[in-house]
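# Notes for the structure review
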Amino acid sequence: MLRRRNRNALFKKSGLILFVVLLLWLIIRSVPALFRADAATEAAAVAEEFYKYEQTGDFGSSWELFHPLMKERFPKSAYVQNRAHIFMQHFGVQTFELEMEPPEREFDVEIIQGVKPFSEAYKIKVTQTYSGTFGKFDLVQICYLVQDGKQWTLLWYYPDDRKHNTETSS
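A few points on the structure. (Residues numbered from 1 in each chain as written. Predicted model: local features only at pLDDT ≥ 70, side-chain atom pairs only at ≥ 80, totals over all residues. Heavy atoms only, no water.)

## Observations concerning the overall build of the protein chain
A count of helices and strands for the protein chain gives five helices and five strands. Element order for the protein chain, N to C, with α for helix and β for strand: α-α-α-α-β-β-β-β-β-α. Across the 170 residues that make up the protein chain, the buried fraction comes to 27%. Taking the contacts inside the protein chain whose residues are at least 6 apart along the sequence as the reference set, 56% of them involve residues at least 24 apart. Surface exposure of the protein chain reaches about 11,900 Å², of which carbon and sulfur atoms provide 57%. (Helix = DSSP H or I, 4+ residues; strand = E, 2+ residues; numbered from the N terminus. Buried < 20%, exposed > 50% of the residue type's maximum accessible area, 1.4 Å probe, protein only. Contact = heavy atoms within 4.5 Å. Areas by Shrake-Rupley, 256 points an atom, 1.4 Å probe, with all protein chains shown as cover.)

## Notes on helix α4 (residues 76-90)
Between its first and last C-alpha atoms α4 spans 20 Å; for 15 residues at 1.5 Å apiece the expected length is 21 Å, and the two agree. Residues of α4 that are buried include every one of Y79, R83 and F87, and no others. Each buried residue of α4 lies within a common arc of 20° when the element is viewed along its axis, so the set occupies one face. Facing away from the buried surface of α4 by more than 90 degrees, the exposed residues are S77, Q81 and Q89. (Expected span 1.5 Å × (residues − 1). Arc of directions from axis to C-beta.)

## Quick notes on the packing of aromatic side chains
Applying the stated criterion across every chain yields a total of 17 aromatic pairs. Considering the side-chain rings of F50 and F66, the 5.1 Å spacing of their centres and the 45° angle between planes classify their relative orientation as tilted. Residue F50 is found in helix α1 (residues 2-55), and its partner F66 is found in the loop between α2 (59-64) and α3 (68-73); the two are separated by 16 residues along the sequence. The pair formed by F50 and F66 is uniform in burial state, with each residue classed as buried. (Phe/Tyr/Trp six-rings, centres within 6.5 Å; stacked < 30°, edge-to-face > 60°.)

## Remarks on the side chain of T153
Inspection of the secondary structure assignment puts T153 in strand β5 (residues 151-156). Once residues lying within four places of it in the same chain are set aside, the contact partners of T153 are L65, F66, H67, Y144, L145, V146 and D148.

## Points about the environment of D58
Note on placement: D58 falls in the loop between α1 and α2. Residue classification places D58 among the partly exposed positions, given a relative accessible area of 30%. On a C-alpha basis, the gap between D58 and R83 in space is 9.9 Å, while along the polypeptide they are 25 residues apart.

## A look at empty space enclosed by the protein
Per the counting criterion, the structure on display carries one cavity of 30 Å³ or more. Volume-wise, the largest cavity comes out at about 90 Å³. Lining the largest cavity are E54, Q55, G57, F59, R83, F87, M88, V93, Q94, T95, F96 and Y130. Counting only elements with at least two residues in the lining of the largest cavity, the list comes to α1 and α4. It is α4 that provides the largest number of residues to the lining of the largest cavity, a total of three residues. Per-class residue counts for the lining of the largest cavity are six nonpolar, four polar and two charged. (1 Å grid on protein atoms, 1.4 Å probe; cavity = no way out; pocket = protein on both sides within 12 Å on 5 of 7 lines; lining within 4 Å. Points joined across faces, edges and corners; volume = space filled by probe spheres on them. Nonpolar A, V, L, I, M, F, W, Y, C, P; charged D, E, K, R; others polar.)

## Some details on the side chain of Q55
Along the chain, the position of Q55 falls in helix α1. At 2.5 Å, the side chain of Q55 and the backbone oxygen of F96 are in polar contact. (Polar contact = N/O pair within 3.5 Å; in protein donor to acceptor, adjacent residues only side chain to side chain.)

The structure is reproduced here in structure tokens:
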């Protein structure tokens, strides 16, 4: 009889230990997610900072917030010169109004065709409303924010247009 009681006590103790270990595992696994909730806010703040620089014509500072792939696509001097030339000289725009939708978290997203998909990114739809020589117009752009190291960086969306072009040309 004594052995049976000890066996039941052992099962209860092992069950309690197992429960505590499982609970600790769940807590440890959930803690990073609590801090990750700020990721969307941080990503949106970088996008807002990027477009605030663009609003003031500080294209050099906005370029600094690009992901290295974007910096590769647009060398800094060319980017600064072209943005100023197109928007300020051609369109006669001094600034623009900005509207950003809340960021949407996406996984395994191909932002630039032919480039390895990013495991995690935040997608933001940005609408810039310009008033210039040719009247008032909206420029709607999808941008993504991804982490490069510990920094959030911005990429513009370059989908595969070949599929779209073949569908519309037939």
